[in-house]
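Survey of secondary and tertiary structure
Listed below, chain by chain, are the residues.
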Amino acid sequence: SSDVCSSDLTVSFSKVLFFSDGAGGERNGLQGVASVAARNDAEVAVMAVVDEVSTNDPLLQHSIDRIQHTLVNDRREVLEQLVDSIDPLEGRRSITEQSVIPGRDYVQVVRAAREGGYHLVVKAVNPRDSVQDAIFGTTDMRLIHYSSVPVLILKASRKKNLDRKSTRLNSSHQIISYAVFCLK
């Protein structure tokens, strides 16, 4: 049997943006991305986005600012725990940056990817779980649609230590569903 991973098709990404939004399988996905990046001298930035809190009432602005600050700090702690969970021998050195930004998640990720000169955006898949997602689309689909750089959505696996992940990848707005990417 032929190994799909030993294909002649090679694509290099030297700057990767990993978007963390609490999806299942996120730790395994980041570990895989960081390991591949470390073996290929690539950089990985890890980013999270929290909802932006706002008010029209100037009397409440100070309270709103404190709430926003708390949201960012709490998410930063979770992000740091995620990064700290990555095996230092298997890729943690490739993680060069961590950030938490308030705003609309897919808008901020697309902007960060473009402005930061990233070659690939990676995130773990989020299952559709609301009527709103069914009508307007998920963050995953919005990233694929709006990003000017390829987006790799990692599907969580039920088996541990797999070297292949089912994914969705957009490249120049052509969607390739269930492509196989090796994380070994």
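Structure report, in brief. Here the residue index of a chain counts from 1 through its sequence in written order. With the structure being a predicted model, the display of local features is reserved for residues of pLDDT at least 70 and the display and counting of side-chain atom pairs for 80 or more, all residues being used for whole-chain, interface and lining totals. Hydrogens and waters are ignored; side-chain quantities use all the structure's heavy atoms.

1. Comments concerning a negative patch on the surface
Excluding any residue in a salt bridge, patches collect residues exceeding 30% relative accessible area, merging like charges within 9 Å and nonpolar Val, Leu, Ile, Met, Phe, Trp and Tyr side chains within 5 Å. All accessibility values rest on the Shrake-Rupley procedure with a 1.4 Å probe; residue burial counts only the protein chains present in the view. Salt bridge, as applied in this entry: a Lys or Arg side-chain nitrogen positioned within 4 Å of an Asp or Glu carboxyl oxygen. Charge assignment in this entry is limited to Lys and Arg as positive and Asp and Glu as negative, and neither His nor the chain termini are counted. Each charge is placed at NZ for Lys, CZ for Arg, CG for Asp and CD for Glu. Residues Asp74, Glu77, Glu80 and Asp84 make up a contiguous surface patch of negative charge. Tracing the sequence through the fold places glutamate 77 in helix 2 (residues 61-84). Think of it in three bands: with a 1.4 Å probe and only protein chains considered, a residue is buried below 20% of the maximum accessible area for its type, exposed above 50%, and partly exposed in between. For glutamate 77, a relative accessible area of 47% translates into the label partly exposed. Numbering of helices and strands runs from the N terminus; a helix is a DSSP stretch of H or I covering at least four residues, while a strand is a stretch of E covering at least two.

2. Looking at the pattern of salt bridges
Counted according to the given criterion, the structure contains three salt bridges. The closest approach of N and O atoms between aspartate 21 and lysine 123, which form a salt bridge, is 3.2 Å. Here the residue aspartate 21 occupies a position in the loop between strand 1 (15-19) and helix 1 (26-39), and lysine 123 occupies one in strand 4 (residues 120-124), the gap between them amounting to 102 residues. Judged by its relative accessible area of 0%, lysine 123 falls in the buried class. Taking the shortest distance from any N to any O, the salt bridge between aspartate 140 and lysine 123 comes out at 2.6 Å. Here aspartate 140 is found in helix 5 (residues 139-146), whereas its partner lysine 123 is found in strand 4, with 17 residues between them in sequence. The same class applies to aspartate 140 and to lysine 123, which are both buried. Among the charged side chains, a salt-bridge network with shared partners connects Asp21, Lys123 and Asp140.

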